Amino acid sequence: MLAPLILRGVNFKSGIVQGPLAGYSCAPFRRLVWQHSQPAFCYTEMLPAKQICIEHGAFNRYTSRHPDEVKLCYQLSGCDPKALAEATAIVAAMGADCIDLNVGCPKAKIRKKRHGSALLAYPELLYECLSAMRSATQLPLLAKIRIDGGSNERHNLLVAQAVMAAGVDALVIHGRHWREDYSVPCSWGQVALFKERCKGIPLILNGGISGPKSLHALLHKTGCAHAMVARGSMGRPDWIHYLSGPLEGELGSLSLKQSVRWLKQHLEDLSQLESCETVRLQARSIVPYYAKQLSVDSAHHLVRIIRGSSDFKNLMLSLKKIL
Ligand SMILES: Cc1cc2nc3c(=O)[nH]c(=O)nc-3n(C[C@H](O)[C@H](O)[C@H](O)COP(=O)(O)O)c2cc1C
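What counts, and where the lines are drawn
- Numbering of residues starts from 1 in each chain and follows the order in which that chain's sequence is written.
- Per-residue local features of the predicted model are confined to residues with pLDDT of at least 70, and side-chain atom pairs are confined, for both listing and counting, to 80 or more; whole-chain, interface and lining totals are unaffected and use all residues.
- To obtain the side-chain values, all non-hydrogen atoms of the structure were used and water was disregarded.
- Remark: nonpolar core denotes a set of buried residues (Ala, Val, Leu, Ile, Met, Phe, Trp, Tyr, Cys) joined through side-chain atoms within 4.5 Å.
- Under the scheme applied here, a residue whose accessible area is under 20% of the maximum for its type counts as buried, over 50% as exposed, and between as partly exposed, the area being computed with a 1.4 Å probe on protein chains only.
- Whether two residues are in contact is decided by their heavy atoms, any of which lying within 4.5 Å being enough.
- One heavy atom within 4 Å of a molecule or strand makes the whole residue count as near it.
- Here a polar contact means two N or O atoms within 3.5 Å. Within protein one must be a hydrogen donor candidate and the other an acceptor candidate, and residues neighboring in sequence count only if both atoms are side-chain atoms.
- The Shrake-Rupley method, run with a 1.4 Å probe sphere, supplies the accessible areas, and residue values consider only the shown protein chains as cover.
- Residues are grouped as follows: nonpolar covers Ala, Val, Leu, Ile, Met, Phe, Trp, Tyr, Cys and Pro; charged covers Asp, Glu, Lys and Arg; every other residue, Gly included, is treated as polar.
- Between Lys or Arg on one side and Asp or Glu on the other, a salt bridge is scored when a side-chain nitrogen of the former is within 4 Å of a carboxyl oxygen of the latter.
- The way it works is that DSSP assigns letters per residue, a run of H or I at least four long becomes a helix, a run of E at least two long becomes a strand, and they are numbered from the N terminus.

1. Brief notes about the nonpolar core
So, step 1. Ranked by size, the top nonpolar core spans 57 residues in total, and within it Leu76, Leu101, Leu130, Ile145, Leu171 and Phe194 carry the most contacts.
So, step 2. Apart from residues lying up to four places away in sequence, Phe194 is in contact with Ile145, Ile147, Asn156, Ala160, Leu171, Ile173 and Leu203.
So, step 3. Phe29, Leu270, Ala291 and Ala299 belong to the second largest nonpolar core, which has 33 residues in total.

Spelled out as structure tokens, the structure:
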């Protein structure tokens, strides 16, 4: 069952990890998660290794970290071992608590560069990438993969071998094939192969976790002890707290005021990292996550405020009036 993650002697004190969400899991989101949950660690958005090398550790929206954040895993993407090693050293110097290679992104623009899930088909290159990262840091090193799932591809075994040979400290398994979208049921039967081949490192299972019962059923079925959740915390930073609680626990409903408090902090923090106008526009794609927690009327009211505001200051004043 759920057990604290211990990687390279570091006890991360929880068995649940907050996963990466490109376009969303930057410091303002993660700060909310830490204020309302106690994950083992949170992930940055995916960071292209070459970009990290070019910017050489510059703090920006993607790399910055709020003082309230406890443990942070920087996720790199790429397929050039040299650039990945250099980027690993850079994010380690920036204060990373652990570092991960993205081996699961299904987006065409990522795959065509042989990054993300494309690496699954090149286990030797995957091994070289992870080995290069391994030799660049003593911090816990992870890989986040997708599995064969319902496809004819048979990469699981070679990927498991590559990961182990490179010396990673934990493997995150998203239980779907890269062609499968986020609603297809996960193929958890395939975890058995990884359990057999990746002895001695924790497997962190990801996908389809809808509450404490489904989390515990998954851990029971697979015999694993650790999980990652990603989308559940969007608009609901207390999601991991809820998952970590009793099996029969209920996720309380949210008042408009509570959602607005969270949304307001999220946008205020973002405005420290991006221009107010950029944040005003981004608020349109962020608000649905907070609105979906509310009654239909409150949700419409909130969305109308965000869409109707012509400048950031007015937007924040309108949110303040609700509190
Ligand atoms: C909008 C969005 C962005 C994502 N960005 C990343 C990413 O940058 N790196 C990554 O490894 N996975 C990424 N994922 C996948 C999630 O981390 C996670 O594997 C997936 O959502 C399944 O977990 P969940 O059901 O708990 O959300 C993303 C998923 C979504 C929906």
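2. Observations concerning the site of the ligand
So, step 1. What surrounds the ligand is a group of 14 residues, the closest being Pro20, Ala22, Gln75, Asn206 and Arg231.
So, step 2. Contact distances for the ligand include 2.5 Å between an oxygen atom and a side-chain N or O atom of Asn206.
So, step 3. Side-chain polar atom of Arg231 to an oxygen atom of the ligand: 2.7 Å apart, as the coordinates give it.
So, step 4. When the free accessible area of the ligand is taken as 610 Å², the share hidden by the protein chains comes to 86%.
So, step 5. In the shell around the ligand, the residues fall into seven nonpolar, five polar and two charged.

3. What about the pattern of salt bridges?
So, step 1. Across all of its chains, the model carries 15 salt bridges by this definition.
So, step 2. The residue Arg30 makes a salt bridge to Glu69 at a minimum N-O spacing of 2.6 Å. Here Glu69 lies in the loop between α2 (49-55) and β5 (72-77) and Arg30 lies in helix α1 (residues 27-36), a separation of 39 residues in the sequence.
So, step 3. Taking relative accessible area as the criterion, Arg30 reaches 0% and is therefore assigned buried.
So, step 4. By relative accessible area, Glu69 is classed as buried at 6%.
So, step 5. With its nearest N and O atoms 3.0 Å apart, the salt bridge here joins Glu268 to Lys264. Of this pair, Glu268 and Lys264 both sit in helix α10 (residues 256-270), four residues apart, roughly one helical turn.
So, step 6. Judged by relative accessible area, Lys264 falls into the buried class, the value being 15%.
So, step 7. Connected through salt bridges with shared partners, the residues Arg8, Arg134 and Asp169 form a single ionic network.

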